[in-house]
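# Structural overview for review
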Amino acid sequence: MAKAPVLTPRAEDFPRWYQDLINKAELADNGPVRGTMVIRPYGYGLWERMQQDMDARIKETGTQNAYFPLLIPQSYLTREAEHVEGFAPELAVVTHGGGKELEEPVVVRPTSETIVNEYFSKWVQSYRDLPLLINQWANVVRWELRPRLFLRTSEFLWQEGHTAHATYEDARDFAARIHRDVYGAFMRDVLAMDFVLGRKTAAERFAGAINTLTLEGMMGDGKALQLGTSHELGQNFAKAFDTRYLSREGKQELVWQTSWGSTTRMIGALVMMHGDDSGLRVPPRLAPVQAVVLAVKDDEAVLAEVREIGARLEAAGVRVRVDDRTDVPFGRRAVDWELKGVPVRVEVGPRDLAEGTAMLARRIRGGKEPVAIGSLAELLPAVLEEDQRLLLDQARERRESRTSDVSTVEQAVEATAAGGWARVPWAALGPEGEAKLAEHSVSVRCLVTEDGAVPDADETPGNVAVVARAY
């Protein structure tokens, strides 16, 4: 009788495969309140690595970290009507505290534009105070009706940037810089993610924004996932909160603003873009553990060599874990590390030791081969970089091979039903065609130019709509 697979095969049931992997790779559990999650240490280790790299990139733009309260007076949200309308179905509202009914209900932070602007209006007095560039690492609550771990949860972790500028051009350029040089560079160079950089349509913009820039990635089942967004807010919030500055010419002017964010959804994207039927595949530049050195048997000489290999790899700059838990069967340990997607396993048993070799198992490329123990410290950094590139190449090839150029709504729906994306001229689609797509659970993920660049405006001639079914 055939042995049951550890994970539900992706081709059989992709959502079930995803849930199996989240559970068996020990990334997260469901929280006690529907829609919440408990991020387990291995999953949080991935987030910490993401956070550290992103934080450094954000600070390179001149942005500084701050923190704003979790609880926001409800009246703040009502001052920007479009914003509150966009978030109204997702709001969690606190009406009682300290055993008493509150005089004014407070909203648990869904995003921080309103409270940030309350303080920007105090902090900005003159052109000398601009640009004001603030970021915070925080949690937010958006009440989710159809939760899925990491992808859609009622509470999630993120960073949210908020900036104020003297001119429209400065704000526009800063939003584009975050979109391209922070999010795009990080996701490509560290997460090995392939994506499309584009502009959201008016129907898909962030509530209260005049423009939303997005990164859209194709998951293993052909659906799209929004990976991060950067918004031009124009002067909408500045008007609502009277955020003005004294210009060089001595005039009171409204500021121009941006906001931008990326979330723990990136962990879900990592699973769905890179995972396979054996588990997660973690990009080496991200991996908290790049190589695990396993003792195959409880042998004193083997255990000593495994620990020595670990020390040499660590000295060579490899993030390494030594697995000398010989009271746990070797096969079970190997499967566990495979599920977790550790890029490289170095396996050493008595026979390997006698031959001066170790078995090198590569999670991303696949396969095993014997390697001289003495060459591991020199070999592994190159292997890790090679596999980092391979992951990105595989993700890009999937998107390109499963994207069709079409000319009608019907063809776009057909292409997405087959498990891919479609590119359709925006002039042939427009808002009316976008609404027809929505009737088939298909959306315009973003607009790009004919050569794949980010367009300057929705109505630019030659814009192309990237169309997909989405998470």
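Below is a summary of the structure that appears in this document. Everything quoted here is computed from the prediction, not taken from an experiment.

### Re the packing of helix 1 (residues 14–24) against helix 8 (residues 265–274)
Running from N to C, helix 1 and helix 8 point in directions that differ by 120 degrees, and their axes come no closer than 11 Å. With respect to helix 8, the element helix 1 is oriented oblique. In this structure, helix 1 meets helix 8 at a crossing whose hand is right-handed. Within the contact between the two elements, helix 1 uses Phe-14, Trp-17, Tyr-18, Leu-21 and Ile-22 and helix 8 uses Gly-268, Val-271 and Met-272. In the contact of helix 1 with helix 8, the residues fall into 7 nonpolar, 1 polar and no charged.

### Observations regarding the packing of aromatic side chains
Evaluation of the coordinates by the stated rule reveals 10 aromatic pairs. Geometrically, the ring pair formed by Phe-14 and Trp-17 is tilted, given 4.9 Å between the ring centres and 40 degrees between the ring planes. A residue pair is termed a helical-turn pair when its members lie 3 or 4 positions apart in one helix, as Phe-14 and Trp-17 do in helix 1 at 3 residues. The two residues Phe-14 and Trp-17 agree in class, both being buried. Taken together, the ring pairs connect Phe-68, Tyr-119, Phe-120 and Trp-123 into an aromatic cluster. Residue placement shows Arg-10 over the ring face of Trp-17; its charged tip is 5.9 Å from the ring centre.

### Quick notes on helix 13 (residues 409–417)
When helix 13 is considered as a whole, its buried residues turn out to be Val-409, Ala-412, Val-413, Ala-415 and Thr-416. In an axial view of helix 13, the angular spread of the buried residues amounts to 160 degrees, which keeps them on one side of the axis. Turned more than 90 degrees off the buried face of helix 13, the exposed positions are Glu-410, Glu-414 and Ala-417. Those residues of helix 13 that are buried are in contact with strand 20 (403–405), strand 21 (421–425), helix 14 (426–438) and strand 23 (464–468). Following helix 13 by one or two positions, Gly-419 has its phi on the positive side, about 90 degrees.

### What about helix 12 (residues 376–401)?
The terminal C-alpha atoms of helix 12 lie 36 Å apart, and with 26 residues this matches the ideal 38 Å at 1.5 Å per residue to within 8%. Among the residues of helix 12, those classed as buried are Leu-376, Leu-380, Val-383, Leu-384, Asp-387, Gln-388, Leu-391, Leu-392, Ala-395, Arg-398 and Arg-399.

### Considering the sheet that holds strand 4 (residues 71–73)
One open sheet holds the 3 strands; their spatial order is 4-6-5, and the pairing between them is antiparallel. The open sheet has two free edges, formed respectively by strand 4 and strand 5 (92–97), since each of these has just one partner strand. Direction aside, neighbouring strands of the sheet carry axes that sit 50 degrees apart on average. Pairing of strand 5 with strand 6 (residues 100–108) involves 5 bridges; the strand directions are antiparallel. Bridging across to strand 6, Ala-92 finds its partner in Val-108.

### A look at the layout of surface pockets
Quantified by volume, the second largest pocket comes out at close to 290 Å³. Lining the second largest pocket are 15 residues; nearest its centre among them are Ala-176, Leu-213, Val-454, Pro-455 and Asp-456. Among the elements of the structure, helix 6 (168–189), strand 9 (196–199) and strand 10 (211–218) are those that each provide at least two residues to the lining of the second largest pocket. A per-class count over the lining of the second largest pocket returns 7 nonpolar, 2 polar and 6 charged.

Thresholds, definitions, all that
Residues numbered from 1 in each chain as written. Predicted model: local features only at pLDDT ≥ 70, side-chain atom pairs only at ≥ 80, totals over all residues. Heavy atoms only, no water. Axes fitted to C-alpha atoms, helices over the stretch in contact; angles between N-to-C directions. Helix = DSSP H or I, 4+ residues; strand = E, 2+ residues; numbered from the N terminus. Parallel < 35°, antiparallel > 145°, perpendicular 65-115°, else oblique. Left-handed = near helix turned anticlockwise from the far one by under 90°. Contact = heavy atoms within 4.5 Å. Nonpolar A, V, L, I, M, F, W, Y, C, P; charged D, E, K, R; others polar. Phe/Tyr/Trp six-rings, centres within 6.5 Å; stacked < 30°, edge-to-face > 60°. Buried < 20%, exposed > 50% of the residue type's maximum accessible area, 1.4 Å probe, protein only. Lys NZ or Arg CZ within 6 Å of the ring centre and 35° of its normal. Arc of directions from axis to C-beta. Expected span 1.5 Å × (residues − 1). Pairing = 2+ DSSP bridges. 1 Å grid on protein atoms, 1.4 Å probe; cavity = no way out; pocket = protein on both sides within 12 Å on 5 of 7 lines; lining within 4 Å. Points joined across faces, edges and corners; volume = space filled by probe spheres on them.

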